[in-house]
Amino acid sequence: MIARPCPICRSVEPEIIHRHKLILFEDHPLSGECETVVCKTCGLGFNQRPSTAEAYVAHYAALSKYATSFSPLANADKFSRLADIFIDLYPNRSSSILDVGCGAGGFLAKLKEYGYRNLSAMDPTPACVTGVQRDLGIDARLGVLAEPPFPPNSFDVVISTGVLEHLLLPADDLKALKNLLVPFGAAFIVTPDASRYTEFLDAPFQDFNIEHINHFSPDTLNTLFIRQGWQKVALGQDVLSHTPKWSEPVVYGLFRPLAGENRSPLPAFDKKLADNLKSYVRNSAVLLDKIDRHLRRELAGISEVIVWGAGQTSSLLLSQTILKDLRIRAVVDSNPAYAGRSMAGAPVGGPELRGSFNGPVVVATIREYQAVERIIRETLKWDNRILSLIG
Ligand SMILES: [Zn+2]
């Protein structure tokens, strides 16, 4: 497969900073291969061996982690901070607004609560579209930017939060965004801030996953838009608190398309971003090694375990730690979209998969360890030994 060029400046032969292969569900549409590079021209971080566009469509349709049973209303408060930022930038409540990649719809729920009354949504995951229609009464449609389900010149603002890091061809998708806007429209964009990954590192290589294939900083996000003929109205950094244990640094920007193509010269190299990505790799490797040594000590003489969680951390641990050498009795996860699948030769599903097994349970999350421990002890009343990832 030909390596992917830089999604911003099209440069090839970047610097490879990290490679790993994740253990995914058997018959997963995506490849677990993750080859993260830094562009030598602009400094952008990206996965240069992602899967095909068709594979991503299949993945988001069937397996998205965003297709949870959460209602948009239950998610709304997580978006309070972003909604406050948006209101400052775009206070007109009667504007027509499209949320591209609305996910579980929490941001839309918050905007509706704040009085925005002309909201629409699109997402590639059917469960997300259905949830937003049902709980918010918003015109939500299934689709991707390559074939948008709304006609051109339809919206004053397009919003896209947590989407740009997923896109194979973000420059092409910016053209699609521009087409959806009326003249003098605007795009409000939010994406993880890769120039601060190291500062917020809590699980090794968490940000290098099968879905996040672009790693932007404020400067590189701005460069992407400028090079595609947009102008910056606002650009900033912030931190979102998703759960009491999980905060995420983000970049946000408001951009307006200029008339016609306006390709600016090659961008400056974002050294701060490149350096941060490299220190993120070093620190993640140290943390992963610490987890492996801890598990090796605690699991000495053990041949079989249950793994709690089928997410990103499990995918990494099953391929890079002692867990790859053990028999996995089951991978327990509450996401109903995962039930009935298999991973590392083990069935994936709810707690009933424990059966009569009384060996150790490895909780494959650092940030939610205490919540999982409570479920295992207090709700399920299992007496199995419970192992955290760090001692
Ligand atoms: Zn580049």
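Refer to the structure printed above.
A quick note: this is a predicted structure, and the numbers were derived from the prediction, not measured. (Residues numbered from 1 in each chain as written. Predicted model: local features only at pLDDT ≥ 70, side-chain atom pairs only at ≥ 80, totals over all residues. Heavy atoms only, no water.)

Each helix and strand counted, the protein has ten helices and 17 strands in total. For 391 residues, the compact-globule estimate of 2.2 N^0.38 gives 21 Å, and the C-alpha radius of gyration of the protein, at 21 Å, lies within 12% of that figure. In terms of its C-alpha atoms, the protein occupies a principal-axis envelope of roughly 65 × 45 × 35 Å. The burial tally for the protein puts 57% of its 391 residues in the buried class. Considering only contacts in the protein between residues 6 or more positions apart, those separated by 24 or more positions represent 71%. Accessible surface, the protein: about 16,500 Å² in total, of which carbon and sulfur atoms supply 53%. Positive and negative side-chain charges of the protein, numbering 41 and 42 respectively, have mean locations separated by a distance of 2 Å. (Helix = DSSP H or I, 4+ residues; strand = E, 2+ residues; numbered from the N terminus. Rg over C-alpha atoms; globule rule 2.2 N^0.38 Å. Buried < 20%, exposed > 50% of the residue type's maximum accessible area, 1.4 Å probe, protein only. Contact = heavy atoms within 4.5 Å. Areas by Shrake-Rupley, 256 points an atom, 1.4 Å probe, with all protein chains shown as cover. Lys, Arg positive; Asp, Glu negative; His and termini not counted. Charge placed at Lys NZ, Arg CZ, Asp CG, Glu CD.)

Let us look at the pattern of salt bridges. Tallying each qualifying case throughout the model produces 18 salt bridges. One salt bridge in this structure joins lysine 110 and aspartate 77, with 2.9 Å as the shortest N-O distance. One end of the pair, lysine 110, is in helix H4 (residues 106–113); the other, aspartate 77, is in the loop between helix H2 (72–75) and helix H3 (80–89), with 33 residues separating them in the sequence. With a relative accessible area of 57%, aspartate 77 lands in the exposed category. Across the pair arginine 367 and aspartate 202 runs a salt bridge, and its minimum N-O distance is 3.0 Å. Highlighted residues: arginine 367 in the loop between strand E16 (361–363) and helix H10 (369–379) and aspartate 202 in the loop between strand E8 (181–192) and strand E9 (214–215), separated in sequence by 165 residues. Owing to a relative accessible area of 22%, aspartate 202 belongs among the partly exposed residues under this scheme. (Salt bridge = Lys/Arg side-chain N within 4 Å of Asp/Glu carboxyl O.)

Following the sequence through the fold, aspartate 270 ends up in the loop between strand E11 (246–257) and helix H8 (271–298). Among buried charged residues, aspartate 270 stands out as having no salt bridge; its nearest opposite-charge side chain is lysine 272, 6.9 Å away. A distance of 2.5 Å separates the side chain of aspartate 270 from the side chain of serine 217, its partner in a polar contact. For aspartate 270, the residues in contact, after removing those within four places along its chain, are Cys42, Gly43, Ser217, Asp219 and Thr220. (Polar contact = N/O pair within 3.5 Å; in protein donor to acceptor, adjacent residues only side chain to side chain.)

Attention now goes to the coordination of the zinc ion. Each angle at a metal carrying four tetrahedral donors should ideally be 109.5 degrees, and each at a metal carrying six octahedral donors should ideally be 90 or 180 degrees. Coordination of the zinc ion by the protein is provided by Cys6 (SG), Cys9 (SG), Cys39 (SG) and Cys42 (SG), with metal-donor distances spanning 2.3 Å. One can describe the donor arrangement at the zinc ion as tetrahedral, given that its four donor atoms subtend angles of 99 to 125° at the metal. One chain supplies every donor for the zinc ion, spaced along it as C-x2-C-x29-C-x2-C. Under the relative-accessibility criterion, cysteine 6 is labelled buried at 0%. By relative accessible area, which is 8% here, cysteine 9 ends up buried. (Donors = N, O, S within 2.8 Å, 3.2 Å for Na, K, Ca; no water. Tetrahedral: all angles 85-135°; square planar, octahedral: opposite > 155°, others 65-115°.)

This next bit is on the nonpolar core. Grouped together as the largest cluster of nonpolar side chains are 45 residues, with contacts concentrated most on Phe208, Leu295, Leu299 and Leu323. Mapped by element, the contributors of at least two residues to this core are strand E2 (33–38), helix H1 (53–62), H8, strand E12 (304–308), helix H9 (312–320), strand E13 (327–332) and strand E15 (346–349). Of the residues forming this core, the biggest block, nine residues, is contributed by H8. Viewed by domain, this core spans two of them, domain 1 (49–264) and domain 2 (302–387), each represented by three or more residues. Sequence-distant contacts of leucine 299, that is, excluding residues within four places in its chain, are made with Val305, Ile322, Leu323, Leu326, Pro360, Val362 and Leu387. Within the second largest apolar cluster, 32 residues are counted, among which are Cys6, Leu164, Ala176 and Phe225. (Core = buried A, V, L, I, M, F, W, Y, C linked by side-chain atoms within 4.5 Å. Domains from an automatic or database assignment.)

Inspection of the secondary structure puts alanine 364 in the loop between E16 and H10. A relative accessible area of 7% means that alanine 364 is categorised as buried. Contact partners of alanine 364, with chain neighbours within four places excluded, come to Val307, Trp308, Thr313, Ser314, Leu317 and Leu389.

Running from N to C, H3 and H4 cross one another at 55°; their axes reach a closest spacing of 9 Å. Comparing their axes, H4 and H3 come out oblique. Helix-helix and strand crossings are classified by hand; for H3 and H4 the assignment is right-handed. Contact with H3, carried on its side by Ser80, Leu82, Ala83 and Phe86, involves Phe107, Lys110 and Leu111 of H4 and no other residues of that element. For the contact of H3 with H4, the per-class residue count stands at five nonpolar, one polar and one charged. (Axes fitted to C-alpha atoms, helices over the stretch in contact; angles between N-to-C directions. Parallel < 35°, antiparallel > 145°, perpendicular 65-115°, else oblique. Left-handed = near helix turned anticlockwise from the far one by under 90°. Nonpolar A, V, L, I, M, F, W, Y, C, P; charged D, E, K, R; others polar.)

Function cannot be read off these values alone, since they describe shape.
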